[in-house]
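As a plain string of letters, each chain reads:
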Amino acid sequence: MYLRCILLERVFPDGFLWGTAISSFQAEMGAGEPSDKTDWWAWVNDETNVSVERVSGDTPLDGPGFWELYDGDLRLAREDLKNNSIRLAVDWGRVFPEPTHDVEVKVKKDLWNNVWKVELEEDDIKALDRVADHDAVERYREILKCALSYGLTPMLTLYHWPIPLWLHDPIACRDDMASTDRRGWISQSTIVEFAKLTAYLAYELGDLVDLYCTVNEPRIVSEHGYLTRRGEFPPGLNDPSLFLICLKHLCIAHGVAYEQVKRWDRSEASPLGPSTVGLVAVLQHYEPADPSNPDDAWMSQFIDYAFNEWNLNAVFHGDYDMNLDQVVEPWEQLPHQVKGCDYIGVNYYAKWRVKHRKTGVNPLLDYEFTPCRDDCSDYGWEIYPEGLRNVLSWAYKKYRRSIYVTENGVADMGDKLRTRYLRSHLDEVYKSISLDGVPVKGYYYWTLMDNFEWSDGYRISFGLYNVDRETKKRTPTEAVPVYREIAEKNSL
Ligand code: BGC
């Protein structure tokens, strides 16, 4: 009887967080002050990148302008969508437009010369404060206070992709990596600077934030930056070994950031407090393009391992399988790098059919995703709600942590797919909680309003609200009343 009741009413657990996710570079610009000190800024403005169509040629300056218009957007999230949370990100280049290298901190390395521990003292935080842009920090405080005043629990992402130019020159790296020492995540000095950033943010913003995401999607940053035929993300290279180095360094960066937040955020902003810290992994559903073809079957399993599993094995078990043979040799085990991960953030979008191209060079260069067959989004991603339940169950069974669905959404300019996408995916989240026993604590739709979709600019629309690029007016899509009702009733 009880079960029937739950199944009929489909009520989500008490305290479930309903939100949308946005990111700094994608949402902040458009109504005033640009953030022009990052690798992403340089990347989308580079003429060569535009001419060879690595990037769209659109400018983030035409974005929704959240940096100035945040009050209206947060009000929409609360009053119109009836959400109780919002996931947003900090732009590293705004907080530290100038280098933090000169703030000397204690760095310990492991036997393999990997950064292992970064130790900061109170004086180091003060020294960082002398380098930081106080106006930017103050603006982030205002944004967070505004969210809290509307009853939105903020989930703060510490790294959602742009890095300051003083750490990464993506054009020089693209053309000749040896010509620069500003190599972004390929260089472990970026991990050290990230530790400083995260310590400083936890110290400065910790009284307003309890829920943190360290790194957003290590796999996408590594794949689209270093394993890409189109070259769409900085620095646009196609080299399996760099892909793995980047992935490894981002996993180490997660651990280092985890320790900083735990050390420097001691104050509670909500009943969750003082700090719950997780990694955001993009977990997709992979299937062989031709299930009867053993090569496709093998490749699909391999991609699942490399793209879904690898970063979680690194963060939870210290397994750094650098030759991707799916056997973790003793020298690939770095258990001391396991620092903690309180929850798993799952970004889920679609199903991918994997084909083996058989060039025999390297499996990472041998895979291909076949074009979407049916139920495709504007991006050509195959809509497959069941995949969300699969990845939630898999992640929970394997790593035993609570989960937030930190992104889930659909590219849908014509507003034909969004409502069904939202409902069907929430249906799977519900089954995952009620039938599979997965402790999913919240759901964040990607994204609140149309924004700058990285290398694809504005040709892609994920927003629950469409944005007029001239007037900045927000117009609700058909999914808005649907999401409002679900969030308000806490049930489907
Ligand atoms: C990213 C977002 C992006 C979305 C849609 C996710 O991988 O975190 O920044 O806009 O996918 O492409």
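Reference entry: report on the structure contained in this document. Since the model is a prediction, treat every value here as computed from it, not as a measurement. (Residues numbered from 1 in each chain as written. Predicted model: local features only at pLDDT ≥ 70, side-chain atom pairs only at ≥ 80, totals over all residues. Heavy atoms only, no water.)

This brings us to the state of the cysteines. Summed over the entire model, instances satisfying the criterion amount to one disulfide. Residue Cys372 pairs covalently with Cys376 via a disulfide, S to S 2.1 Å. Because the sign of the S-S torsion sets the handedness, a value of about -100 degrees for the bond joining Cys372 and Cys376 places this disulfide among the left-handed ones. Counting only cysteine sulfurs, Cys213 is the nearest neighbor of Cys146, a cysteine outside any disulfide, at a range of 20 Å. Overall, Cys146 belongs to the buried group, its relative accessible area being 8%. (Disulfide = S-S within 2.5 Å. Buried < 20%, exposed > 50% of the residue type's maximum accessible area, 1.4 Å probe, protein only.)

The subject of this paragraph is the pairing of strand 10 (residues 351-356). The two faces of the sheet receive side chains in turn, since in a regular strand these alternate between them. Where burial is concerned, most of strand 10 is hidden: five out of the six residues are buried. In this structure, strand 8 (residues 285-288) lies alongside strand 10, joined through four bridges in parallel fashion. Each residue of the ladder has a partner; that of Glu287, found in strand 10, is Arg353. Where strand 10 and strand 11 (residues 367-369) come together, three bridges link them in antiparallel fashion. Of the residues in strand 11, the one forming a bridge with Lys355 is Glu368. (Helix = DSSP H or I, 4+ residues; strand = E, 2+ residues; numbered from the N terminus. Pairing = 2+ DSSP bridges.)

Moving on, we get to the packing of helix 15 (residues 386-399) against helix 16 (residues 418-434). Describing two packed helices takes the angle between their axes plus the distance from one axis to the other. Packing of helix 15 against helix 16 brings their axes to within 8 Å, and their N-to-C directions diverge by 30 degrees. As helix 15 runs across helix 16, the sense of the crossing is right-handed. Contacts between helix 15 and helix 16 pair Glu386, Leu388, Arg389 and Leu392 from the former with His425, Glu428, Val429, Lys431 and Ser432 from the latter. Here the residues of the contact of helix 15 with helix 16 are counted per class, giving three nonpolar, two polar and four charged. (Axes fitted to C-alpha atoms, helices over the stretch in contact; angles between N-to-C directions. Left-handed = near helix turned anticlockwise from the far one by under 90°. Contact = heavy atoms within 4.5 Å. Nonpolar A, V, L, I, M, F, W, Y, C, P; charged D, E, K, R; others polar.)

Bringing the nonpolar core into the picture now. One recurring pattern in soluble globular proteins is that nonpolar side chains are buried together. In this structure, Leu74, Trp92, Tyr159, Trp185, Phe194, Val429 and Tyr443 are the most contacted members of the largest nonpolar core, which totals 169 residues. Residues in contact with Phe194, not counting those within four places in the same chain, are Trp92, Leu158, Tyr159, Trp185, Thr214, Val215, Ala253 and Ala257. (Core = buried A, V, L, I, M, F, W, Y, C linked by side-chain atoms within 4.5 Å.)

So, on to helix 8 (residues 134-149). Its 16 residues place the ends of helix 8 22 Å apart at the C-alpha level, agreeing with the 22 Å of an ideal helix rising 1.5 Å per residue. For helix 8, the set of buried residues is Ala136, Val137, Tyr140, Arg141, Ile143, Leu144, Cys146 and Ala147. Close packing links the buried residues of helix 8 with helix 2 (24-27), helix 5 (66-80), strand 2 (85-89), helix 6 (92-95), strand 5 (153-159) and helix 10 (189-205). Of the residues one or two after helix 8, Gly151 is the one with positive phi, at around 85 degrees. (Expected span 1.5 Å × (residues − 1).)

Our focus in this paragraph is the site of the ligand. Around the ligand lies a shell of 13 residues, among which Gln26, Glu217, Glu407, Glu453 and Trp454 are the nearest. In this structure, an oxygen atom belonging to the ligand sits 2.5 Å away from a side-chain N or O atom of Glu217. Measuring from an oxygen atom of the ligand, one finds a side-chain N or O atom of Glu453 at 2.6 Å. Here the ligand has 310 Å² of accessible area as a free molecule, and 94% of this is covered by the chains. Counted by class, the shell around the ligand contains seven nonpolar, three polar and three charged residues. (Near = heavy atom within 4 Å. Polar contact = N/O pair within 3.5 Å; in protein donor to acceptor, adjacent residues only side chain to side chain. Areas by Shrake-Rupley, 256 points an atom, 1.4 Å probe, with all protein chains shown as cover.)

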